[in-house]
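Read off the chains here:
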Amino acid sequence: MKNFEKDYIDEMNSAAPDMDELWKRIENSEAEDDDITPFLSAADESSRSKGKAFRTLAAAAAVFAAVFCLRLLIRTDDSVLLDESTSYESNYENYDDAAEEEPDSDEPESNGGMLLVTPENGWDYASSVSSHGVSDYEMLSLANTDTPAYTGIGYDEDNAYFVEEDVLSDTDYFVDGRIISTEIYPDHAVYTMEVIHLISDAGKEISKEFTAVSGSPYALREHREYLLPIKEESGTAYIVFDNAPQIEIADDRTVICHNGWKTLAKGGEHISYPQVYVDDYFYDRMNITAESTLEELFDKWKKLRL
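Below or above, wherever it landed, is the structure these notes cover. Source: prediction; values computed, not measured. (Residues numbered from 1 in each chain as written. Predicted model: local features only at pLDDT ≥ 70, side-chain atom pairs only at ≥ 80, totals over all residues. Heavy atoms only, no water.)

Re the pairing of strand 10 (residues 255-258)
Moving on, step 1. Here strand 10 shows no split at all, with Val 255 and Cys 257 on one side and Ile 256 and His 258 on the other all buried.
Moving on, step 2. Pairing geometry for strand 9 (residues 247-249) and strand 10, over 2 bridges, is antiparallel. Its bridge partner being in strand 10, Glu 248 is matched across the sheet by Ile 256.
Moving on, step 3. Counting the residues between successive antiparallel strands, the hairpin from strand 9 to strand 10 contains 5 residues, one of them, Arg 253, with a positive phi of roughly 75°. (Buried < 20%, exposed > 50% of the residue type's maximum accessible area, 1.4 Å probe, protein only. Helix = DSSP H or I, 4+ residues; strand = E, 2+ residues; numbered from the N terminus. Pairing = 2+ DSSP bridges.)

Structure (structure tokens):
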């Protein structure tokens, strides 16, 4: 019995293929070669001189190794291994979905990477004063700010009297925006704001981040919203009439303005306002009014431009 087991083991060892030679041929094959004939030949040659008993077994092992290696070596054009769980069809469908996506129609138009704002066709005005009964500016619904109420720029005696019709006649367009940043110079300030509304003639476009120059001692305070009359000269936007607080819009859409804006002030309510400099007389001439009164102001401006 022992001799039989020894003879059987010896026969197994002698009939087994030369696996070192087989793997050497597999490893030297090209990744893109999907012909498994060399692997079958390797198996056949490795077992031909060692008996016929296990030739079939060796060939099967070679085929298995060939398929296994080819499976690992299949690559896409960019050399990324294919994910067995993702079919070609599903990848193709995902590509189609991405190609069919359209930009959000509510986004501002773009020109060379710069976001542009076009004139408003309409403005959803609030028709009531949410801050009804409030008598002090600081008690209104206003965004928090670290910007002081003054700029340090001197008062301009030559621009002392506010006349609504004159200001409207000088205005090229209105920008409603929230102040992002301020740069103060000895005789002027440069304000950058995020535009919310543009009221202008058809065809006018401005950058979503709009910059305007002012020589006013009254500051436009960061994070707060203002409606500004703008005049353009040589490509630079200037705020019309510097010696007065600009029209401000509170977070609850209450409009804050001085009584020189006759169209806005009628029917408004008086509030007290910070006194910016010694000769400032606007501190007791400020009003709050409904946002809907802005529509009357814009109508008057359009008529004066005819």
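Points about the nonpolar core
Moving on, step 1. Among the nonpolar cores identified, the biggest contains 34 residues, and Ile 256, Trp 261 and Leu 294 are the most heavily contacted of them.
Moving on, step 2. The leading source of residues in this core is helix 8 (residues 293-305), at 4 residues.
Moving on, step 3. Once you skip the residues sitting within four places of it in the chain, Leu 294 turns out to touch Trp 123, Tyr 125, Leu 227, Ile 249, Val 255 and Leu 264.
Moving on, step 4. Counting 20 residues, the second-largest nonpolar core is a separate cluster that includes Tyr 173, Val 175, Val 195 and Leu 228. (Core = buried A, V, L, I, M, F, W, Y, C linked by side-chain atoms within 4.5 Å. Contact = heavy atoms within 4.5 Å.)

What to know about the packing of aromatic side chains
Moving on, step 1. For the structure on display, the rule yields 12 aromatic pairs.
Moving on, step 2. Note on Tyr 155 and Tyr 277: the rings are 5.1 Å apart at their centroids and 45° apart in plane angle, and the pair reads as tilted. Of this pair, Tyr 155 sits in the loop between strand 2 (114-117) and helix 6 (164-170) while Tyr 277 sits in the loop between strand 11 (269-271) and strand 12 (286-289), and the two are 122 residues apart along the sequence.
Moving on, step 3. What makes Tyr 155 partly exposed here is its relative accessible area of 26%.
Moving on, step 4. Relative accessible area serves as the criterion here: at 17%, Tyr 277 is assigned to the buried category.
Moving on, step 5. Note on Phe 174 and Trp 301: the rings are 5.5 Å apart at their centroids and 85° apart in plane angle, and the pair reads as edge-to-face. Within this pair, whereas Phe 174 is found in strand 3 (residues 173-184), its partner Trp 301 is found in helix 8, the two being separated by 127 residues in sequence.
Moving on, step 6. An aromatic cluster is defined as three or more aromatic residues linked by ring pairs; in this entry it consists of Trp 123, Tyr 125, Phe 174, Phe 298 and Trp 301. (Phe/Tyr/Trp six-rings, centres within 6.5 Å; stacked < 30°, edge-to-face > 60°.)

Some remarks on the pattern of salt bridges
Moving on, step 1. Evaluated as defined, the whole model comprises 9 salt bridges.
Moving on, step 2. With its nearest N and O atoms 2.6 Å apart, the salt bridge here joins Lys 300 to Glu 164. With Lys 300 in helix 8 and Glu 164 in helix 6, this pair connects stretches of sequence that are 136 residues apart.
Moving on, step 3. Among the ionic pairs, Glu 296 bridges to Lys 266, the shortest N-O distance being 3.4 Å. (Salt bridge = Lys/Arg side-chain N within 4 Å of Asp/Glu carboxyl O.)

Focus: the pairing of strand 4 (residues 189-199)
Side chains on a regular strand alternate between the two faces of the sheet.
Moving on, step 1. Along strand 4, 9 of the 11 residues are buried, which leaves the element largely enclosed by surrounding structure.
Moving on, step 2. Across 10 bridges, strand 3 lies against strand 4 in antiparallel orientation. By the bridge assignment for strand 4, Arg 178 is matched with Glu 194.
Moving on, step 3. Taking the residues between adjacent antiparallel strands as the criterion, strand 3 and strand 4 are bridged by 4 residues.

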